[in-house]
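# Coordinate inspection notes
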Protein chains: 4
Amino acid sequence: MMRTDGYPLSEAARTGHPLDTVIVCGESSVMGGGQFAVIAGPCSVENEAQMIDVAKKVKASGARFLRGGAFKPRTSPYDFQGLGSEGIELLKAARRETGLPIVTEITDVRMLHMFEDVDIIQVGARNAQNFELLKELGKCHKPVLLKRGLAGTIRELLLSAEYVMASGNSRVILCERGIRTYENVYTRNTLDLSAVPVLKEITHLPVVVDPSHGTGKASLVPSMALAAVAAGADGLMIEVHSDPVHAFSDGEQSLTPEMFDELMKKVKRIREAL
Amino acid sequence: MMRTDGYPLSEAARTGHPLDTVIVCGESSVMGGGQFAVIAGPCSVENEAQMIDVAKKVKASGARFLRGGAFKPRTSPYDFQGLGSEGIELLKAARRETGLPIVTEITDVRMLHMFEDVDIIQVGARNAQNFELLKELGKCHKPVLLKRGLAGTIRELLLSAEYVMASGNSRVILCERGIRTYENVYTRNTLDLSAVPVLKEITHLPVVVDPSHGTGKASLVPSMALAAVAAGADGLMIEVHSDPVHAFSDGEQSLTPEMFDELMKKVKRIREAL
Amino acid sequence: MMRTDGYPLSEAARTGHPLDTVIVCGESSVMGGGQFAVIAGPCSVENEAQMIDVAKKVKASGARFLRGGAFKPRTSPYDFQGLGSEGIELLKAARRETGLPIVTEITDVRMLHMFEDVDIIQVGARNAQNFELLKELGKCHKPVLLKRGLAGTIRELLLSAEYVMASGNSRVILCERGIRTYENVYTRNTLDLSAVPVLKEITHLPVVVDPSHGTGKASLVPSMALAAVAAGADGLMIEVHSDPVHAFSDGEQSLTPEMFDELMKKVKRIREAL
Amino acid sequence: MMRTDGYPLSEAARTGHPLDTVIVCGESSVMGGGQFAVIAGPCSVENEAQMIDVAKKVKASGARFLRGGAFKPRTSPYDFQGLGSEGIELLKAARRETGLPIVTEITDVRMLHMFEDVDIIQVGARNAQNFELLKELGKCHKPVLLKRGLAGTIRELLLSAEYVMASGNSRVILCERGIRTYENVYTRNTLDLSAVPVLKEITHLPVVVDPSHGTGKASLVPSMALAAVAAGADGLMIEVHSDPVHAFSDGEQSLTPEMFDELMKKVKRIREAL
């Protein structure tokens, strides 16, 4: 049995909730309880042609959800901050074309009304302990994809989920996206895949892995994606861009649609082997 | 010359702004530019008698600002979340009694109107990269005390200050409060005092040190407070509680007023020696 | 292309040595160059019956090498320090019974003569930068299994291998065994599986993963072992003990022979899927 | 009372040994029990003129011990490895000229006979858990200066001291020299000054701080040295080189004799203020 160190988990604990939580968006996009699903798309939403193009391609390769950043939390105020509400409109256009449910990040509690048409609301690493935001998301009726903090502990991730759930929303997806360690020369973060089996023991919530932020380097993404599948993840979140060199953000860690297609074939084989 | 790694600092950089920024609140509460000041008070505001009692005592020992948490960002949703707006009223009552300017933490951008009578608005470690909050604080006319993130880099702290300053508010105080490392048995965080001379080289903003959160243990606070002074800090932020054993939060790291008084005498001697 | 940050790699670099190094011990124990191999056995050698029993069992499940600690580097001087040279005799007895080549750790350069009959000499995490030991191992004619330091960087691991190789011994196996991070509640170390594809890009040396030390918890070992295989590791190093509860050391992270057998079947399926 | 987490300390614990251990080398070089002392000198011994010159200068400024590396543990095998036994001869020459006791690092247990004329034997960060070396040092009759590991915990440092003491040598000096954290842009390591009051609570052994390795940058050394004094350290270990730009190793973190002299005046003032 895992240590809980005095912090009681109620809603998020597997104890008392033995059945896996399953997140369902439409007929074919299901995650958890043995259903594996991949979320793919560009780091930032850039324009309509880009979004529709990449959405069609990732769908053809087997992705079940479309991601894209409209509001971008950037370390520097002088970096591209995202297209904002226009970005959400472009995601919706891509959804109309492909049927893929859309996942995008919220960075301000005051923006919540803009997310009414979004399928899954993402909370990024920098807001993983923005507790007032988590409480508000607990009152809405949409699945929340909650990323582990930049240097968040597993316990903190679970307690942030508990904030959402204690406020009334039990549809939370947990996302491992790499943690901050001294090893930052070859990788942007250290992807902590052991968090996957740890979380699967403690909680009934689905666990996805983001190897794009987790490594920061496209050449490492396929290996880490396959490793995440083998470790028992319920899903993956992968950045895909048709022209990574010219991406507005995080191009260095984006796969091309061709690389993504190749990866999805291997993911399928690993899934079948398990 | 320090590396900036491609992230340009504009407002926060000492280059082009050689003079130290000085924060002034009334006649006797001044920090920066050679003026040293101590912020003291309880972790959480608990009741009026407590606040007034501790405010009088820390003032008598030489504190220049009063701290107290009204909105508490807690890891678990089941922990005490603070008195909220009532807590701010109690801080104001203590200010009326003592004349000490008050410093308290904001945890939600929607609460900003409640902080109109607060003297310095604190941004805690968990909101150090809540960029939308930082932008709003850039539009207000109050000094902002910005804590380093839980595992924030020095560069991220500077860029968070830059968010506030680029939005129009140049009165930012930087606060080192310990970083997250593997060494978490004997100390809650690892107080990174080398951040003090690093920041003093790069920026003109005042730098304060919080040895209470930085160590998490009252017995270590005096040594680390004196070390911070010797390292060149412009101020200290110290948790003081009349009855630490019964504090609503963080009692383990709170000094009693007697311990604080003893510390302030030593701080004075170190300041004179420098 | 990976950054090398001014530290030149010569012998260990893939540049100029495009072919994978292959470690061969007898007919059936081969690692590297597409050959996958598992090293298994108890943390500490305890007695002859234990060693022979576990050796037979791990061989039956498909292990290609036998491990067991004779000289144990323990954090406290009051902990069990290993059976010493008698432990090596017991490993040899198990080799006679099973034919499995033996891998055991050296902790003192003066002991090198005792390792004449050992097949692979292991350098543990605490000696990963014991450069004088590495130089001596560079003069011997046995493969060296080099573990990453407790908080070693990937670059340091490569440069430690370079110490061995520059002294004349090119048969080095690199071992990822978890790094020290702030996340030490649920796992003993953080297994850095991204080191696997990073190392495979930079070097021609075989890379094995030790999920036993990497997680410190038996329940997490199978998931992380499978993840390591999917990430592209050339081998695994797994602690197996017939009676983990009564093991002299590290019982908490040891698999039983039954769990190991189950794991090996899954490893085989993942290998085939890749 | 500090947690010991099940690892018993015997010889190193203050419990049962309430009096501070005092290290005495000759009449004027005393450390511990209220006696403060500074160890200074170049990173590497380079030649006789250099050693005698710097020894005279640091003595004139108030240093009580002379340091200099003869055997250098370097990350890369292709870096300067030290002058070896010739380096020890040059240190002895500098001792003859100045009377300062000499401190130098051992990197191989087989070299112990070369250290017969050395006054204090240093164990570096990379050998902090080279337990066989520690056991041998426990049998010799010289003070041992034991550095904290690269990412060593406080508990590990204490248990390494316990290895020396349990073997019979109670004269151990503990040295905080910075730990490995994610913050490695502005500083080489993160100097953990809170280790000073923690260690002073738990053990009776003297505690020195090395701000040169702790920061890796000469401009930060004076601030951190003063902070260490204010935190309660029993001594400092400072790298001083007459011509840092041309130093064989670690020139970036070396003070010039003039900077060292200036620092020593401030150290004296802080000591008097305490």
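Residues numbered from 1 in each chain as written. Chains lettered and ligands numbered in written order. Predicted model: local features only at pLDDT ≥ 70, side-chain atom pairs only at ≥ 80, totals over all residues. Heavy atoms only, no water.

So, about the pattern of salt bridges. Enumeration according to the criterion identifies 84 salt bridges over all chains in this entry. Residue A:Arg180 pairs with B:Glu156 through a salt bridge whose shortest N-O separation is 2.5 Å. Linking A:Arg180 in the loop between strand E8 (172-176) and helix H5 (195-202) with B:Glu156 in helix H4 (residues 154-166), this pair reaches from one chain into another. In this structure B:Glu156 comes out as buried when scored by relative accessible area, which is 9%. A salt bridge links B:Lys56 to B:Glu97, with the nearest nitrogen and oxygen atoms 3.9 Å apart. Of this pair, B:Lys56 sits in helix H1 (residues 48-61) while B:Glu97 sits in helix H2 (residues 85-98), and the two are 41 residues apart along the sequence. Judged by relative accessible area, B:Lys56 falls into the partly exposed class, the value being 46%. Each of the salt bridges in this network shares a partner with another, and the network as a whole consists of A:Asp108, A:Arg110, B:Glu136 and B:Lys139. (Salt bridge = Lys/Arg side-chain N within 4 Å of Asp/Glu carboxyl O. Helix = DSSP H or I, 4+ residues; strand = E, 2+ residues; numbered from the N terminus. Buried < 20%, exposed > 50% of the residue type's maximum accessible area, 1.4 Å probe, protein only.)

A separate point is the confidence of the model for chain A. A residue-level look at chain A finds 97% of positions with pLDDT of 70 or above and a mean pLDDT of 95. The complex model carries a pTM of 0.96, and its ipTM stands at 0.96. (pLDDT = per-residue confidence, 0-100.)

Okay, the packing of helix H1 (residues 48-61) of chain A against helix H2 (residues 85-98) of chain A next. The description of two helices packed together rests on the angle between their axes and the distance between the axes. Residue and element names in this part refer to chain A. Between H1 and H2, whose axes approach to 9 Å, the crossing angle comes to 40 degrees. When the interaxial angle is binned, H1 and H2 end up oblique. As H1 packs across H2, the resulting crossing turns out to be right-handed. Between H1 and H2, the contacting residues are Glu-48, Met-51, Ile-52, Ala-55, Lys-56 and Lys-59 on the first element and Leu-90, Leu-91, Ala-93, Ala-94, Glu-97 and Thr-98 on the second. Residue composition of the contact of H1 with H2, by class: seven nonpolar, one polar and four charged. (Axes fitted to C-alpha atoms, helices over the stretch in contact; angles between N-to-C directions. Parallel < 35°, antiparallel > 145°, perpendicular 65-115°, else oblique. Left-handed = near helix turned anticlockwise from the far one by under 90°. Contact = heavy atoms within 4.5 Å. Nonpolar A, V, L, I, M, F, W, Y, C, P; charged D, E, K, R; others polar.)

Further remarks concern the packing of aromatic side chains. A complete count under the given rule lists twelve aromatic pairs over all chains for this structure. Centroid distance A:Phe131 to A:Tyr163: 4.4 Å. Interplanar angle 20 degrees. Geometry classified as stacked. With A:Phe131 in helix H3 (residues 131-137) and A:Tyr163 in helix H4 (residues 154-166), this residue pair connects regions lying 32 residues apart in the sequence. Of the residues examined, A:Phe131 reaches a relative accessible area of 4% and is grouped as buried. The ring of D:Tyr182 carries the charged tip of A:Arg180 above its face, separated from the ring centre by 5.6 Å. (Phe/Tyr/Trp six-rings, centres within 6.5 Å; stacked < 30°, edge-to-face > 60°. Lys NZ or Arg CZ within 6 Å of the ring centre and 35° of its normal.)

For the rest of this paragraph, the subject is the relation of the copies chain A and chain B. You can overlay chain A on chain B at an RMSD of 0.0 Å; the transform is a turn of 180 degrees with a shift of 0.0 Å along its axis. This pairing of chains is accounted for by a two-fold axis. Across chain A, the rotation axis passes nearest the C-alpha of A:Ala151, at a separation of 3.0 Å. Take the interface residues of chain A: 100% of them recur as interface residues in chain B, which is what a same-surface contact looks like. (Least-squares fit on C-alpha atoms with pLDDT ≥ 70 in both.)

Residues and elements named next belong to chain C. Of note, the phi angle at Asp-250 is positive, near 55 degrees, even though the residue is not glycine. Looking at where Asp-250 falls in the secondary structure, it is placed in the loop between strand E10 (235-239) and helix H8 (257-273). For Asp-250, a relative accessible area of 22% puts it in the partly exposed group.

All names here are of chain A. Topologically, Lys-142 is positioned in the loop between H3 and strand E7 (144-147). Buried charge Lys-142 goes without a salt bridge, the closest partner of opposite sign being Asp-119 at 6.1 Å. For Lys-142, the side chain forms a polar contact with the main-chain oxygen of Glu-116, separated by 2.8 Å. Setting aside residues up to four positions removed in sequence, Lys-142 forms contacts with Phe-115, Glu-116, Val-118, Asp-119, Ile-121, Asn-169 and Arg-171. (Lys, Arg positive; Asp, Glu negative; His and termini not counted. Polar contact = N/O pair within 3.5 Å; in protein donor to acceptor, adjacent residues only side chain to side chain.)

All names here are of chain C. Read once around its circumference, the closed barrel built from eight strands follows the order E3-E4-E5-E6-E7-E8-E9-E10, with strand pairing classed as parallel. Adjacent strand axes in the sheet meet at a mean angle of 30 degrees when their direction is disregarded. Of the strand pairs in this sheet, strand E6 (residues 120-123) and strand E7 (residues 144-147) are connected by three bridges, and their pairing is parallel. From the neighbouring strand, Gln-122 faces E7, where its bridge partner is Leu-145. In this fold helix H4 (residues 154-166) packs onto E7 and strand E8 (172-176), with an angle of close to 160 degrees to the strand it touches most, E8. (Pairing = 2+ DSSP bridges.)

Turning our attention to the environment of D:Pro101. Residue and element names in this part refer to chain D. Residue placement: Pro-101 occurs in the loop between helix H2 (85-98) and strand E5 (102-106). Distance in space between the C-alpha atoms of Pro-101 and Leu-255 is 20 Å, their sequence separation being 154 residues. Excluding its chain neighbours within four sequence positions, the residues that come into contact with Pro-101 are Cys-25, Ser-29, Arg-64, Phe-65, Leu-66, Arg-95 and Asp-119.

The next subject is the interface of chain A and chain B. The interface is formed by 35 residues belonging to chain A together with 35 residues belonging to chain B. Between chain A and chain B, a total of about 2,900 Å² is buried, with carbon and sulfur atoms accounting for 54% of that surface. Contact with chain B buries surface across chain A, with A:Thr75, A:Tyr78 and A:Arg110 losing the most and accounting together for 20% of the total. There are four salt bridges connecting chain A and chain B. Linking chain A with chain B are 18 residue pairs in polar contact (both at pLDDT 80 or more). (Buried area = accessible area lost by both parts, 1.4 Å probe.)

Among the eleven residues in helix H7 (residues 221-231) of chain B, ten count as buried, and that is most of the element. Following H7(B) by one or two positions, B:Gly232 has its phi on the positive side, about 105 degrees.

Below, the discussion takes up the pairing of strand E8 (residues 172-176) of chain B. All names here are of chain B. Counting buried residues in E8 gives five out of five residues, a clear majority hidden from the surface. By the bridge criterion, four bridges tie strand E7 (residues 144-147) to E8 in an arrangement that is parallel. What sits directly across from Lys-147, in E8, is Cys-175. Handedness of the crossover is the feature at issue here: the chain leaves E7, passes through H4, returns alongside E8, and the resulting connection is right-handed. Where E8 and strand E9 (residues 207-209) come together, three bridges link them in parallel fashion. Considered in E9, the bridge of Cys-175 is made with Val-208. Remark: the E8/helix H5 (residues 195-202)/E9 crossover connection has right-handed handedness. (Right-handed = clockwise from strand over helix to strand, strands pointing away.)

Moving on: H5(A). The element H5(A) is extensively covered by neighbouring structure, given that seven of its eight residues are classed as buried. When we look at burial in H5(A), the residues that qualify are A:Ala195, A:Val196, A:Pro197, A:Val198, A:Leu199, A:Lys200 and A:Ile202. Lining the buried residues of H5(A) we find H4, E8, strand E9 (207-209) and helix H7 (221-231) of chain A together with helix H7 (221-231) of chain C.

To continue, consider the environment of C:Tyr182. Structurally, the position occupied by C:Tyr182 is in the loop between E8 and helix H5 (195-202). Between the C-alpha atom of C:Tyr182 and that of C:Glu136, which follows or precedes it by 46 residues, the distance is 34 Å. The residues contacting C:Tyr182, other than those within four sequence positions of it, are A:Arg148, A:Ala151, A:Gly152, A:Thr153, A:Ile179, A:Arg180, B:Arg180, B:Thr181, B:Tyr182 and B:Asn184. In terms of polar contacts, C:Tyr182 uses its side chain to reach the backbone carbonyl oxygen of A:Ala151, at 3.2 Å. Only 2.8 Å separates the side chain of C:Tyr182 from the backbone oxygen of A:Gly152, close enough to count as a polar contact.

It is worth spelling out the interface of chain A and chain C at this point. Accessible area lost during the coming together of the parts is what is often quoted as the interface size. Listed as interface residues are 42 residues of chain A and, on the opposing side, 41 residues of chain C. Both sides together, the interface formed by chain A and chain C hides about 3,400 Å², and carbon and sulfur atoms give 67% of it. Where chain A packs against chain C, one counts two salt bridges. Of the charged contacts, one joins C:Arg148 and A:Glu183 as a salt bridge, the two residues approaching to 3.1 Å between their closest N and O atoms. Taken together, chain A and chain C are joined by twelve residue pairs in polar contact (both at pLDDT 80 or more). Top contributing element to the side of chain A that touches chain C by residue count: H7(A), with six residues. Looking at the side of chain A that touches chain C, its residues break down into 22 nonpolar, ten polar and ten charged.

All right, on to the side chain of D:Thr181 then. When you line up the elements, D:Thr181 lands in the loop between strand E8 (172-176) and helix H5 (195-202). Judged by relative accessible area, D:Thr181 falls into the buried class, the value being 6%. Engagement of the side chain of D:Thr181 in a polar contact is seen with the backbone nitrogen of D:Glu183, the distance being 3.0 Å. A distance of 2.7 Å separates polar atoms of two side chains, one belonging to D:Thr181 and the other to D:Thr190. With near-sequence residues (within four places) excluded, D:Thr181 lies in contact with A:Tyr182, B:Ile179, B:Thr181 and D:Thr190.

With respect to the helices and strands, A:Gly178 occurs in the loop between E8 and H5. Sequence separation between A:Gly178 and A:Val209 is 31 residues; the distance between their C-alpha atoms is 8.7 Å.

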